[in-house]
Amino acid sequence: MKAEVFVTLKSGVLDPQGKVIARSLRALGFEEVRDVHQGKYMVIDLEGVAPEEARKRLDEMCQKLLANTVIENYRVRVEGAEEGNS
Amino acid sequence: MPMPDNLEAQGLTEEEYGRIVRILERDPTPTELGMFSGMWSEHCSYKSSRVHLEKLPTQGDRVLQGPGENAGAIDIGDGLAVVFKMESHNHPSFIEPYQGAATGVGGILRDIFTMGARPIAVMDSLRFGRPEAPRMSHLVGGVVAGIGGYGNCIGIPTVGGEVAFHSCYDGNILVNAFALGVVSKDRIFRARASGVDNPVIYVGSSTGRDGIHGATMASAAFGSGGEERRPTVQVGDPFTEKLLLEACLELMRTDYVVAIQDMGAAGLTSSSAEMAARGGVGLEIDIGKVPRREEGMTPYEVMLSESQERMLLVVREGCEEPVFEIFHKWDLQVELLGRVTGDGFLTVLDGEQTVARIPARALTDEAPRYQRPTAAPDADHPGARAVSLSDISEPADLGRVLERLVTSPNLCSRRWVVEQYDYSVRTNTVLPPGGDAALLRLKGTHRGLAMSVDCNARWCFLDPKLGAAHAVAEAARNLSCVGAEPVGLTDCLNFGNPEHPKTMWQFEKAIEGMAEACRALNIPVVSGNVSFYNETAGQDIHPTPMVAMVGVMENVERHAVSHFTSDGDIVLLVGETREELGGSEYLATEHQREQGSPPGLDLERERTVQEIVREGVRRGQVRSAHDLSDGGLGVALAECCITGPSLHGADLDLQDDLRADVALFSESASRVLISGSAEAIGHLESDCASRGIPCRRLGKIGGGRLRIRHAGSLRIDLDVAKLRNAWSGAFAALVGETVGAGEGT
Amino acid sequence: MKFAVVVFPGSNCDHDVYYVLKKVLNQGTIFVWHQSTDLCGADAVILPGGFSYGDYLRSGAVARFSPIMKAVEAFARKGGLVLGICNGLQILLESGLLPGAMLRNRSLKFVCREVGLRVENAETPFTRCLRVGDRLRIPVAHADGNYTADEETLRRLEGEGQIVLRYCDEEGRTVPESNPNGSARNIAGICNAQRNVLGMMPHPERCSEVVLGNDSGRAIFSSMIESLAQAAH
């Protein structure tokens, strides 16, 4: 079973990479770009676990390692389970 | 004989195919054809360059290992050796600058620790096109970040190097990486397999499809669609390399290792064939056991993959277990692939099935060698068009000219670049980048190790023989300026298409010039690399034979810096300034001319000047010594004022018998700018007099302005603080960045 | 005294700090492998700089789960001296031994240069040989040194004297121009409330010898040695 994890900086935390991307996009003529927030996207392959249980486990994974909750939010998507946020 | 229809894609000629069939006495299998293609590529076989490279002097009292191994080695005393080499990663860096440059650093580091040496320094020599050329600021940013990304992570300082811009590199940049390591001189490891039945072991990253036929790519010119070759570029993993480095060095403290080689260009094929051929033995390996990153890889792909961070070892029979234990401690994959055999064949099995069986020497020593045709340049070549002073108008405001030169792309501060490199990790860096040469202390001794990399490609274009001799002389002069005695060099010879007779002529002449300078200065060539096919759409780059030289000093605390240090000191110019504007930076920048002959080079005088400087530094009489090169005396004086931690002005007089712009910007060779106390300078003047070297007191250090007089009138009067600001911010502007808060001085 | 230098896979300043403690300052010094679970009776622990686990995921994020970190945490809770340098500070932040987090440098580029540091608190075991307002020159070399924390944490750090070092200019002013990475309040080094854990981005081990042209980092190690000697009496 595949699960997806998205990790982004919390709103209010300065995102210098996002700022540069936004500036570059505007310089390329995409004037409609107001702001960019960049982050990490991970695909995690799981086995031997039911979707709801997997969601809980992934939540733990994010709390423990995948995200630094001082500065980052995360979002988890598991095939066949409800989406969850930090 | 049925000729395969993909020969051209394999980079092989019909004649070469015929040779393969004669060697094997049958048609090659697809895997075998790929192996020949990789090993007989220009990059691996040196087929166009070998006949010329043999002219370089490679012997010397200190030489422990000359060309032919993973790297060269020089005895530096105290039972220690330095191991060093330089290599190009030009083509991959043009396609994907970050990964191309990063893997260039990774590859050269493996060449060093494969010999048992702990790498302690990296330098990089970079050539870019005009800053405004398409993709150029992207290439500059990517290459610099890639070098830093790899070197910083693995924890080896990037202590020096150079960056230059010229339109001839618009479509073909140069990324040359140099690395140096230290080892006990009786613990140097070599890539020479021996001992029938000894196990052959694979260690490091898994094998993927990346880099397949990188060696062939480096041996082909870019067409206009060169950017589409992206899939062959490898991705670097400096963390794995760090583990591999520590594990290999730990293993080398045991006596288990017989031979070891990194899997570089042509991957498993070159490492296995070269280890077998050097040892005069055979190898039998089962590629079914090679760790893979992707499914469904063919034997061809496994044998030619250039995935990074992999090593091949031969160890003593019966030591497999402790060897595996060390690699497992460092979390590395390790597999037993096969055994050493006595038949001289490289035999490749895929499980039960034999997929290749080739005499190992056929892939290495018996690769084709070509004496390619050469042709001298046409009569109207810019190098043949002498510079007449009457055609060059003397600018009225020489201060403005000096300012423009000092802030020009080739002469402005490289701080934007070097600050992205960790240059102080390992705590050996005595002089930070920016001086004439990098200087490291050697822990456990009083010795210092200096290194410098140089090449003036404009001079090499105008006169390849003289230009290449200058590259050797200048590198040596840079080392002498910090007080080190040159002991050996490595080169990276970047040229255009060897199938162009004019390129081959440049190559032949450059080798002659290097050989002559090496002999006169008594500096052996211990390793090196040739990069041909640096051309885009038929346009060859300027010949760029990069020279990286290493020097030693007995007492590292007795060194000189390249910038002024003390107000009141006297400034002395050692050497003679002549009317030699040919090929100068001044002529190119101010008068838009690239023509004439480079300055003359009297190697006997060069040696004497360097000896005088070194002796002065050793006696503690030289507070600063700065080599005169691009931009001549004027630029050197400005640099002495503005490149140190504290700013200094100076009051100086030029000689009157030359036109002021000539006295300031001629690039005559064998000159060094020295500062010291009046007494010390007196000693140096008598040294010069007794050894027949002209020298001249220019004036005194002090104040906040650089003032230069000529024939009684003040020709330059610049505020050094303003000059430094302009100089230090110019590079960021070149790559389209403005200097933000906190990134300023 | 016995110093333990922890070696994580990817540590690359471990030998540098070992050399200064052992060869320059003549202290008993050992390497402790990250897989180890005890500190072999060390009196102080150094988490050195480098790229533990390649800095993959986030700097320090994986190293904090190394077996040795349990021992380091217990040692710190009992009041033992722990110094984290560069990647060592990042590991201390990830493990919660110090508050806050690291972001990518504001310039988005790796930065290696000598910076000015102003001593803000001289009453810690790491700065006792210095005085408030002293100016040090110490090199930084990092890509993730942009320290951040929420306002409340920053106020607490400020109020409790936990900001030990700040980036400053040649006159000792902690102005934005002297900040190499964009860190909040020019923070270069912080300690915990008990003062026994210090994390700093600059590398004092790179400037502890005259031959390298600068020995102003030595004061940090000398302070530790003095503190330990005093505690031993």
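Remember, predicted model here, so these are calculated numbers, not experimental data.

(A) Inspection of the overall build of chain C at higher detail. Tallying secondary structure elements over chain C gives five helices and eleven strands in all. In terms of C-alpha radius of gyration, chain C reaches 16 Å, essentially the compact-globule figure of 17 Å for 233 residues. Along the first, second and third principal axes, the C-alpha set of chain C runs to 45 × 40 × 35 Å. The 233 residues of chain C split such that 67% are buried. Counted over contacts in chain C with a minimum sequence separation of 6, partners at least 24 positions apart contribute 74%.

(B) Focus on the pattern of salt bridges. Residue and element names in this part refer to chain B. According to the stated counting rule, one finds 70 salt bridges over all chains in the structure shown. With a shortest N-O distance of 3.1 Å, Arg 316 and Asp 255 are connected by a salt bridge. Here Arg 316, found in the loop between strand S10 (310-315) and helix H12 (320-329), pairs with Asp 255, found in the loop between helix H9 (238-252) and strand S8 (257-262); they are 61 residues apart in sequence, far enough to count as distant. Given a relative accessible area of 37%, Arg 316 falls into the partly exposed group. Between Glu 580 and Arg 578 there is a salt bridge; the shortest N-O distance is 3.5 Å. Among the residues examined, Glu 580 registers a relative accessible area of 15% and is labelled buried.

(C) Layout of the arrangement of the chains. For this structure, the chain pair with the highest number of contacts among two pairs of chains in contact is chains B and C. One finds no contact linking chain A with chain B; the least C-alpha distance across the pair is 12 Å.

(D) The interface of chain B and chain C, seen in detail. Counting residues at the interface gives 34 residues for chain B and 32 residues for chain C. Both faces considered, chain B and chain C share a buried interface measuring about 2800 Å² in area, 55% of it formed by carbon and sulfur atoms. Our count for the contact surface shared by chain B and chain C stands at four salt bridges. For Lys109(C), the salt bridge identified is with Glu737(B), shortest N-O distance 2.9 Å. Across the contact surface, chain B and chain C share eleven residue pairs in polar contact (both at pLDDT 80 or more). If you list the elements that add at least two residues to the side of chain B that touches chain C, you get helix H7 (136-154), H9 and strand S14 (429-431) of chain B.

(E) Quick peek at the packing of helix H21 (residues 632-642) of chain B against helix H24 (residues 720-734) of chain B. Residues and elements named next belong to chain B. At a minimum axis separation of 10 Å, H21 and H24 run at an interaxial angle of 100°. In terms of orientation, H21 lies roughly perpendicular with respect to H24. Together, Ala 638, Cys 641 and Ile 642 of H21 and Val 720, Leu 723, Arg 724 and Trp 727 of H24 make up the contact between the two elements. A per-class count over the contact of H21 with H24 returns six nonpolar, no polar and one charged.

(F) Expanded view of the side chain of Arg614(B). Residue and element names in this part refer to chain B. Tracing the backbone through its elements, the reader meets Arg 614 in helix H20 (residues 603-618). No salt bridge is formed by the buried Arg 614; its nearest oppositely charged neighbour, Glu 611, is found at 4.6 Å. If sequence neighbours within four positions are ignored, Arg 614 has contacts with Ser 480, Gly 483, Ala 484, Glu 485 and Pro 486.

(G) Geometry of the packing of aromatic side chains. Applying the stated criterion across every chain, the model contains 14 aromatic pairs over all chains. On the numbers, 4.8 Å between centres and 70° between planes, the contact of Trp330(B) with Trp33(C) is edge-to-face. On the criterion of chain membership, the pair formed by Trp330(B) in the loop between H12 and strand S11 (334-341) and Trp33(C) in strand S2 (residues 28-33) is interchain, its members lying in two chains. Ring plane angle 25° and centroid distance 5.6 Å describe the contact between Trp416(B) and Phe731(B), whose orientation is recorded as stacked. Of the two residues, Trp416(B) is situated in helix H15 (residues 415-418) and Phe731(B) in helix H24; the sequence distance between them amounts to 315 residues. Taken as a pair, Trp416(B) and Phe731(B) share a single burial class, namely buried.

(H) Main features of the interface of chain C and chain A. On the chain A side, the residues contacting the 17 residues of chain C number 16 residues. In this structure, the connection of chain C to chain A is made through one salt bridge. If you look at where chain C meets chain A, you find four residue pairs in polar contact (both at pLDDT 80 or more). Every element with two or more residues in the side of chain C that touches chain A is listed here: strand S5 (101-103) and strand S8 (146-148) of chain C.

(I) Representation of the sheet that holds strand S3 (residues 80-88) of chain B. Residues and elements named next belong to chain B. Taken in spatial order, the six strands line up as S1-S2-S3-S6-S4-S5 in an open sheet, and their pairing is mixed. Two strands bound the open sheet, and with one partner strand each, they are strand S1 (63-65) and strand S5 (158-165). If you compare each strand with its neighbour and ignore which way they point, the axes differ by 20° on average. Looking at chain direction, strand S4 (residues 118-128) and strand S6 (residues 174-184) are connected through nine bridges and run antiparallel. The residue of S6 that forms the bridge with Leu 126 is Val 175.

(J) The arrangement of the sheet that holds strand S17 (residues 485-494) of chain B in detail. Residues and elements named next belong to chain B. Taken in spatial order, the six strands line up as S14-S15-S16-S21-S17-S18 in an open sheet, and their pairing is mixed. One side of each edge strand has no neighbouring strand; the edge strands of this open sheet are S14 and strand S18 (525-531). Taken pair by pair, the neighbouring strands of this sheet meet at an average axis angle of 25°, ignoring direction. Note that strand S16 (residues 448-454) and strand S21 (residues 544-553) share seven bridges and pair antiparallel. Within S21, the position partnered with Val 453 by the bridge is Ala 548. Against the sheet, helix H17 (residues 464-482) touches S14, S16, S17 and S21, its axis set at about 25° to S21.

(K) Focus on the environment of Arg385(B). All names here are of chain B. Along the chain, the position of Arg 385 falls in the loop between helix H13 (360-363) and helix H14 (398-406). Residue Arg 385 is classed as partly exposed on the basis of its relative accessible area of 41%. If we skip the residues at most four places from it in the chain, Arg 385 touches Asp 380, Gln 595 and Gly 596. Within the local environment of Arg 385, its side chain forms a polar contact with the backbone oxygen of Asp 380, the two atoms lying 3.0 Å apart.

(L) A look at the side chain of Ser452(B). Residue and element names in this part refer to chain B. With respect to the element layout, Ser 452 can be found in strand S16. With a relative accessible area of 3%, Ser 452 lands in the buried category. In this structure the side chain of Ser 452 is engaged in a polar contact, spanning 2.7 Å, whose partner is the side chain of Asp 454. Excluding its chain neighbours within four sequence positions, the residues that come into contact with Ser 452 are Met 123, Asp 436, Ala 437, Ala 475, Asn 478, Leu 479, Val 547, Ala 548 and Met 549.

(M) Region of the structure containing the nonpolar core. Counting 140 residues, the largest nonpolar core has Leu313(B), Phe327(B) and Leu83(C) as its most contacted members. Looking at this core element by element, the count peaks at nine residues for H9(B). Excluding its chain neighbours within four sequence positions, the residues that come into contact with Leu313(B) are Pro199(B), Val200(B), Ile201(B), Val203(B), Leu251(B), Val257(B), Ala259(B), Ile260(B), Met275(B) and Phe327(B).

(N) Spotlight on the packing of helix H6 (residues 97-113) of chain B against H7(B). Residues and elements named next belong to chain B. At a minimum axis separation of 7 Å, H6 and H7 run at an interaxial angle of 35°. As H6 packs across H7, the resulting crossing turns out to be right-handed. For the pair formed by H6 and H7, the contact residues are Pro 97, Tyr 98, Ala 101, Ala 102, Val 105, Gly 106, Leu 109 and Arg 110 on the first element and His 138, Leu 139, Gly 142, Val 143, Ala 145, Gly 146, Ile 147, Gly 149, Tyr 150, Gly 151 and Ile 154 on the second.

(O) How the structure looks around helix H4 (residues 151-159) of chain C. Residue and element names in this part refer to chain C. Among the residues making up H4, those that are buried are Thr 153, Leu 154 and Leu 157. For H4, the buried positions fall inside an angular range of 100° around the axis, keeping them on one side. Relative to its buried face, H4 has exposed residues pointing more than 90 degrees away, namely Glu 152, Arg 155 and Gly 159.

(P) Quick peek at the environment of Gly582(B). Residues and elements named next belong to chain B. With respect to the element layout, Gly 582 can be found in the loop between strand S22 (570-574) and helix H19 (585-591). What makes Gly 582 buried here is its relative accessible area of 6%. Along the primary structure Gly 582 and Ser 272 are separated by 310 residues, whereas in three dimensions their C-alpha atoms are 49 Å apart. Once residues within four sequence positions are removed from consideration, Gly 582 is found in contact with Val 387, Trp 459, Leu 587, Gln 595, Gly 596, Ser 597, Pro 598 and Pro 599.

The rules behind each value
Residues numbered from 1 in each chain as written. Chains lettered and ligands numbered in written order. Predicted model: local features only at pLDDT ≥ 70, side-chain atom pairs only at ≥ 80, totals over all residues. Heavy atoms only, no water. Helix = DSSP H or I, 4+ residues; strand = E, 2+ residues; numbered from the N terminus. Rg over C-alpha atoms; globule rule 2.2 N^0.38 Å. Buried < 20%, exposed > 50% of the residue type's maximum accessible area, 1.4 Å probe, protein only. Contact = heavy atoms within 4.5 Å. Salt bridge = Lys/Arg side-chain N within 4 Å of Asp/Glu carboxyl O. Buried area = accessible area lost by both parts, 1.4 Å probe. Polar contact = N/O pair within 3.5 Å; in protein donor to acceptor, adjacent residues only side chain to side chain. Axes fitted to C-alpha atoms, helices over the stretch in contact; angles between N-to-C directions. Parallel < 35°, antiparallel > 145°, perpendicular 65-115°, else oblique. Nonpolar A, V, L, I, M, F, W, Y, C, P; charged D, E, K, R; others polar. Lys, Arg positive; Asp, Glu negative; His and termini not counted. Phe/Tyr/Trp six-rings, centres within 6.5 Å; stacked < 30°, edge-to-face > 60°. Pairing = 2+ DSSP bridges. Core = buried A, V, L, I, M, F, W, Y, C linked by side-chain atoms within 4.5 Å. Left-handed = near helix turned anticlockwise from the far one by under 90°. Arc of directions from axis to C-beta.

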